[in-house]
Amino acid sequence: MLKITFTDRALDYLKRREIADKTLILITDDGGGKYSIKGGGCSIGSHFSIIWVDEKDPDYPVQLDNDQGLKIYTSKYDMTLMGPNMVMDYDAGSLNLRSDEGILDGGVEIGNGAALIKANKNVKMTGVEWRC
């Protein structure tokens, strides 16, 4: 099982945002998923988001082990872009995620899953070509 540790500062930040007791999903935000906060498709592997949802999403069945008692999940796909011994910290006004392999994201965002699904359904991508 993949493990993530939330520092006291990160846990306090999640509590202040009133989401520490919610079901959370850690995603690699590539700009194209149903919970995507970022637009575009060129950010895969360089941006992560924590999404809070009302109930567990079957598309994200992998529970991340943590000692803080958070209900946080991810997908097998997203796991391929994560590293061993992840740590989520809060410093300089933002969440940051690192692993034994180094910094994964210095600006992890938080999103409301239901609102993101609704917003992303309203986005129509016609005649757009992405180039990275």
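For the structure, see preceding data.
Below: a short report on this structure. (Residues numbered from 1 in each chain as written. Predicted model: local features only at pLDDT ≥ 70, side-chain atom pairs only at ≥ 80, totals over all residues. Heavy atoms only, no water.)

## What to know about the sheet that holds strand β8 (residues 102–112)
Here eight strands make up an open sheet; going across it, the order is β1-β6-β7-β8-β3-β2-β5-β4 and the pairing mixed. Whereas interior strands pair on both sides, the edge strands pair on one side only; in this sheet they are β1 (4–6) and β4 (62–63). (Pairing = 2+ DSSP bridges. Helix = DSSP H or I, 4+ residues; strand = E, 2+ residues; numbered from the N terminus.)

## Observations concerning helix α1 (residues 8–16)
Given 3.6 residues per turn, any residue in an α-helix points the same way as the ones three and four places further on. Of the residues making up α1, those classed as buried are Ala10, Leu11, Tyr13 and Leu14. Seen end-on, α1 carries its buried residues on one side only, within an arc spanning 155°. The exposed set on the far side of α1, more than 90 degrees from its buried face, consists of Asp8, Lys15 and Arg16. For α1, the secondary structure elements touched by its buried residues are β1, β2 (23–28), β6 (86–91), β7 (94–99) and β8. One or two steps after α1, the chain reaches Glu18, where phi turns positive at roughly 60°. (Buried < 20%, exposed > 50% of the residue type's maximum accessible area, 1.4 Å probe, protein only. Arc of directions from axis to C-beta. Contact = heavy atoms within 4.5 Å.)

## Looking at the environment of Asp59
Position of Asp59 relative to the elements: it lies in the loop between β3 (48–53) and β4. According to the relative accessible area criterion, Asp59 is partly exposed, its value standing at 45%. Here the alpha-carbon distance between Asp59 and Lys76, two residues 17 residues apart in the chain, equals 9.3 Å. Beyond its immediate stretch of four places on either side in the chain, Asp59 contacts Lys34 and Ser75.

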